[in-house]
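If you want the building blocks of each chain, they are given just below.
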Amino acid sequence: MPKAPASIVILTGAGISAESGVETFRDKGGIWSKVRLEDVATPEGFARDPAAVHAFYNARRAALGAVEPNPAHLALARLQHEHAGDVTIVTQNIDDLHERAGSQNVIHMHGELTQQLCAACGTRSQAAGDLSTDLACTACGAHGRMRPDVVWFGEMPYRMELIIDRLLAADLFVSIGTSGAVYPAAGFVDEARSAGTRTLELNLEPSEGTFLFDEARQGPASVLVPAFVAEILRT
Ligand code: APR
């Protein structure tokens, strides 16, 4: 790795949390092999059967208590604290493992399991346990309109302008643990390349967009990410 890049943008996907025991989506036996995304990760699915969608996210939220950040999350937090330049972490994940590892200002472009959103007034708040159709919004009083603060297929991911600004200003873009199957995240490497940003993929296996990266390393995140961070901090 040539001299340390000043500003770094990191994109993470489900693969960075896999070794913590959080299921990925498209690996063998992954989430989408057990439940139809149309039923639990679309506005139409929620309208059809809100109780089933609440149950899906309530189970994943409850499971957060049984998992811990792994060395990959911890290494990224170290990078943020010790690197002289800016380190922006954009995650597609809705778990809180980056924060629990010590990372700050994490951009959750697909939302967060720990948050709830009132579909009537748009107020976000901390989800205190299971969500259901019985909840009333403390801000507007609407009843039965509370939903997980998760971006579903067909909805606009959060903070896209900020993400693109950071990508275009970055010296290095690193994609970690994502299959490159879902846009707009899968297109970030193109944005980075268009701005002349160096691009690196760290993944268990080549992603769908691996050919777009200047460099791609295969292996478990818990091994590749600490080694990458040590490399950056050494330079
Ligand atoms: N270390 C590194 N990479 C891993 C590991 C690991 N231990 N385990 C799995 N991976 C890789 C897989 O090889 C795969 O490329 O992580 C990737 C996980 O891909 P997906 O399951 O498709 O997850 P992700 O890319 O985050 O999905 C993107 O799709 O369903 C939507 O909203 C959901 O945010 C999600 C988005």
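Located above this text is the structure these notes cover.
Peer 1: Teacher, can you tell me more about helix H9 (residues 221-234) here?
Peer 2: What sets the pattern is the α-helix's 3.6 residues per turn: residues three or four places apart point alike. Taking 1.5 Å of rise per residue, the 14 residues of H9 would be expected to cover 20 Å, and the 19 Å separating its terminal C-alpha atoms lies within 8% of that figure. Turning to H9, its buried residues are Ala221, Ser222, Leu224, Val225, Phe228, Val229, Glu231 and Ile232. At its buried positions, H9 is contacted by strand E1 (8-12), helix H1 (15-18), helix H5 (71-82), strand E7 (172-176), strand E8 (198-203) and strand E9 (215-218).

Peer 1: Would you take a moment to explain the layout of surface pockets for this structure?
Peer 2: Taking a probe equal in size to a water molecule and rolling it over the atoms shows the remaining empty space. Roughly 180 Å³ of internal volume is contained in the second largest pocket. Surrounding the second largest pocket, Gln80, Asp86, Val87, Thr88, Ile89, Gln104, Asn105 and Arg166 form its lining. With 3 residues, the top contributor of residues to the lining of the second largest pocket is strand E2 (residues 87-91).

Peer 1: Mind showing me how you'd approach the side chain of Thr178 here?
Peer 2: If you trace the backbone, Thr178 turns up in the loop between E7 and helix H8 (188-194). Here the side chain of Thr178 touches Gln92 through a polar contact of 2.9 Å, side chain to side chain. Those residues in contact with Thr178 that lie beyond four places of it in its chain are Leu11, Gly13, Gln92, Asn203 and Ser207.

Peer 1: When you look at the sheet that holds E1 in this model, what are you seeing that I'm missing?
Peer 2: Sheet strands pair by backbone hydrogen bonding; their relative direction is either parallel or antiparallel. Pairing is parallel across the open sheet formed by 6 strands, whose spatial order is E3-E2-E1-E7-E8-E9. Whereas interior strands pair on both sides, the edge strands pair on one side only; in this sheet they are strand E3 (107-108) and E9.

Peer 1: Please clarify how the sheet that holds strand E5 (residues 124-126) should be interpreted in this entry.
Peer 2: Pairing is antiparallel across the open sheet formed by 3 strands, whose spatial order is E5-E4-E6. This sheet does not close on itself; its edge strands, each paired only once, are E5 and strand E6 (146-150). Averaged over all neighbouring strand pairs, the angle between strand axes comes to 45°, with direction disregarded. Taken together, the 3 bridges between strand E4 (residues 111-118) and E5 define a ladder with antiparallel strand orientation. Across the sheet, residue Gln116 finds its bridge partner in E5, namely Ser125.

Peer 1: When you look at the packing of aromatic side chains in this model, what are you seeing that I'm missing?
Peer 2: Following the criterion strictly, the structure yields 6 aromatic pairs and no others. Relative to Phe56, the ring of Trp32 lies with its centre 6.3 Å away and its plane at 20°, an arrangement referred to as stacked. You can see Trp32 sitting in the loop between H1 and helix H2 (37-40) and its partner Phe56 sitting in helix H4 (residues 50-63), a full 24 residues away along the chain. Here Trp32 and Phe56 have matching classes, each one buried. Consider the rings of Tyr57 and Trp152, whose centres lie 6.3 Å apart with planes at 40°: the pair is tilted. Of this pair, Tyr57 sits in helix H4 while Trp152 sits in the loop between E6 and helix H7 (160-169); the two residues are 95 residues apart in sequence, bridging distant segments of the chain.

Cut-offs applied
- Residues numbered from 1 in each chain as written.
- Predicted model: local features only at pLDDT ≥ 70, side-chain atom pairs only at ≥ 80, totals over all residues.
- Heavy atoms only, no water.
- Helix = DSSP H or I, 4+ residues; strand = E, 2+ residues; numbered from the N terminus.
- Expected span 1.5 Å × (residues − 1).
- Buried < 20%, exposed > 50% of the residue type's maximum accessible area, 1.4 Å probe, protein only.
- Contact = heavy atoms within 4.5 Å.
- 1 Å grid on protein atoms, 1.4 Å probe; cavity = no way out; pocket = protein on both sides within 12 Å on 5 of 7 lines; lining within 4 Å.
- Points joined across faces, edges and corners; volume = space filled by probe spheres on them.
- Polar contact = N/O pair within 3.5 Å; in protein donor to acceptor, adjacent residues only side chain to side chain.
- Pairing = 2+ DSSP bridges.
- Axes fitted to C-alpha atoms, helices over the stretch in contact; angles between N-to-C directions.
- Phe/Tyr/Trp six-rings, centres within 6.5 Å; stacked < 30°, edge-to-face > 60°.

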